[in-house]
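# Per-entry structural report
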Amino acid sequence: MRTKTKLTVLPGDGIGPEVITQAMRVLRTVADLCGYELEVRECPVGGVAIKQSQSPFPRATMDACLESDAVLLGAVGGLEYDTLPRNMRPETGLLQLRTALGGYANLRPAISYPCLSAGSPLRAEVTQGANILIIRELLGGLYFGEPRQKTDDVAFNTMRYTLPEIQRVARIGFEQARKRKRKLTSIDKANVLEVSQLWRDTVAALAAEYPDVTLDHLYVDAAAMHLVMNPRRFDVIVTENLFGDILSDEAAVITGSLGMLASATIGGQVALYEPVHGSAPDIAGKGIANPLGAIATVAMLLRHTLGLQQEADDVEAAISQVLEQGYRTADLHRGAGAQLVSTTEMGERVEAAVAEKINRRHSYHAV
Ligand code: NAD
Ligand code: IPM
Ligand code: MN
């Protein structure tokens with residue numbers, strides 16, 4: 001029996017369409033080989049949507065997303081939109097999309113690939129073996145808190161969290177830790193902020209329900225230091241929206257490039273999948289962007305929405321394999337014997353490696 005999955009694809013701006021083309025190449029191949037039928041709709045969001053319909057998140061895009069099983073986003077934003085009023089900016093469209101889908105737990109894994117560690121500004125012995133899952137709360141905090149205002153001489157935002165908002169994302173943290181090394185680190189600024197005191201008290205109180213998970217707490221400033229001093233000290237991190245935004249870009253240094261990081265947002269009506277990086281206007285249109293973060297995002301989609309665990313593992317293994325073989329986009333470290341490849345060639349290499357893994361398993365089972 002073939003299963004049909006509805007996917008809305010939002011390529012967005014800058015390198016968004018470039019990396020999404022490669023991610024979709026891999027996804028379609030996996031779906032074909034596994035007998036999954038994908039019903040794909042492509043819609044505008046961000047700057048392209050502003051150009052087409054004067055809105056960064058048009059109604060038709062929202063409707064398509066809400067009718068889907070999953071949404072795959074590239075990236076939004078660009079210099080030409082930076083002077084628009086806040087409610088008209090591409091980034092506002094992204095925040096509206098996240099709100100509409102309702103996912104509050106943004107899972108951002110950061111993994112050190114052995115063959116890339118020589119290229120990290122961090123020493124290989126520091127990064128090697130690091131495998132961190134950052135869970136960023138995505139619908140609260142300073143991004144959405146009211147009141148917020150800007151006048152000519154004063155401006156303010158509000159970092160606001162309710163007890164249930166903290167509990168639900170903390171639970172995801174404990175549950176994800178259970179599937180890994182059973183260690184959860186909650187990051188806050190409880191020595192200064194009331195909102196962080198509530199955060200810390202709430203996470204600490206939940207720990208009693210997860211006696212098999214070891215919980216510790218760090219202040220965000222110290223956590224930023226520990227992340228690059230000793231990334232292996234972390235297993236799962238749970239933190240509020242802005243702290244998670246900043247720490248996940250910092251964690252990119254452990255992996256070798258911001259272009260490597262994937263994300264999945266769960267807990268809502270429709271799951272949202274997006275690489276962590278932005279539209280990278282400095283390299284857009286050149287065919288040199290790293291598509292591996294977007295492709296790893298497809299692995300998360302296979303795992304969390306389609307329930308294809310093995311195929312998700314295959315995509316991740318294919319990424320490692322292609323890196324081990326020495327293929328590198330321009331952002332990645334190139335040691336002796338490494339070969340510089342374009343965005344498209346990197347996508348094609350991963351696609352071929354995944355297809356080979358799946359075909360080999362199928363023929364093994366057929367014997
Ligand atoms: P960025 O993530 O776009 O780029 C930061 C740096 O990383 C740049 O030097 C860029 O070239 C590099 N980089 C990022 N992704 C890469 C990839 N896949 N391959 C190779 N190199 C890559 O962040 P920025 O420059 O601060 O922001 C640019 C625009 O993107 C802004 O408009 C910002 O608001 C937006 N943005 C969007 C998202 C999103 O849509 N999810 C995320 C972050 C930033
Ligand atoms: C991210 C981005 C977004 C965020 C921006 C573009 C709104 O930086 O997804 O990390 O801050 O959440
Ligand atoms: Mn960010």
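Here is what the cut-offs are and how they apply
- Residues numbered from 1 in each chain as written.
- Chains lettered and ligands numbered in written order.
- Predicted model: local features only at pLDDT ≥ 70, side-chain atom pairs only at ≥ 80, totals over all residues.
- Heavy atoms only, no water.
- Domains from an automatic or database assignment.
- Contact = heavy atoms within 4.5 Å.
- Buried area = accessible area lost by both parts, 1.4 Å probe.
- Near = heavy atom within 4 Å.
- Polar contact = N/O pair within 3.5 Å; in protein donor to acceptor, adjacent residues only side chain to side chain.
- Areas by Shrake-Rupley, 256 points an atom, 1.4 Å probe, with all protein chains shown as cover.
- Helix = DSSP H or I, 4+ residues; strand = E, 2+ residues; numbered from the N terminus.
- Nonpolar A, V, L, I, M, F, W, Y, C, P; charged D, E, K, R; others polar.
- Salt bridge = Lys/Arg side-chain N within 4 Å of Asp/Glu carboxyl O.
- Buried < 20%, exposed > 50% of the residue type's maximum accessible area, 1.4 Å probe, protein only.

### Considering the domain arrangement of the protein chain
- You can read the domains of the protein chain as domain 1 (1–109 + 260–367) and domain 2 (121–255).
- Centre-to-centre separation of domain 1 and domain 2, based on C-alpha positions: 24 Å.
- With 17 residues of domain 1 at the interface, the matching set in domain 2 holds 21 residues.
- Counting the surface lost from both domain 1 and domain 2, the interface buries some 1,700 Å², and carbon and sulfur atoms represent 65% of this.

### Focus: the site of ligand 2
- Taken together, the neighbourhood of ligand 2 is formed by Glu-91, Leu-94, Arg-98, Arg-108, Arg-136, Tyr-143 and Asp-245.
- Contact distances for ligand 2 include 2.7 Å between an oxygen atom and a side-chain N or O atom of Arg-136.
- One of the side-chain nitrogen or oxygen atoms of Tyr-143 is found 2.5 Å away from an oxygen atom of ligand 2.
- The protein chains hide 78% of the 320 Å² of surface that ligand 2 would expose on its own.
- Per element, the largest residue contribution to the shell around ligand 2 is 3 residues, and it comes from helix H4 (residues 90–101).

### Thoughts on the site of ligand 1
- The local shell around ligand 1 holds 21 residues, among which Val-76, Glu-91, Gly-278, Ala-280 and Asp-282 are the closest.
- The separation between an oxygen atom of ligand 1 and a polar main-chain atom of Val-76 is 2.8 Å.
- Glu-91 has a polar side-chain atom sitting 2.5 Å from an oxygen atom of ligand 1.
- Relative to its free-state accessible area of 800 Å², ligand 1 is covered by the protein chains to the extent of 70%.
- Each residue belonging to the shell around ligand 1 can be placed in one class, and the counts come to 10 nonpolar, 7 polar and 4 charged.

### Some remarks on the environment of Ile-187
- In this structure, Ile-187 sits in strand S8 (residues 183–188).
- Considering only alpha carbons, one finds Ile-187 and Gly-102, 85 residues apart in sequence, at a separation of 23 Å.

### Things to note about the pattern of salt bridges
- For the structure on display, the rule yields 24 salt bridges.
- Here Arg-25 and Glu-348 are joined by a salt bridge, their closest N and O atoms 3.9 Å apart. Taken as a pair, Arg-25 in helix H1 (residues 16–34) and Glu-348 in helix H12 (residues 343–366) lie far apart in primary sequence, 323 residues in all.
- Between Arg-180 and Asp-235 there is a salt bridge, with the nearest N and O atoms lying 2.9 Å from each other. With a gap of 55 residues between them, Arg-180 in the loop between helix H6 (163–178) and S8 and Asp-235 in the loop between helix H8 (220–229) and strand S10 (236–239) connect regions that are remote in the sequence.
- Arg-180 gets classed as partly exposed once you look at its relative accessible area, which sits at 28%.
- Bridged by salt links that share partners, the residues Arg-25, Glu-348 and Glu-351 form one connected network.

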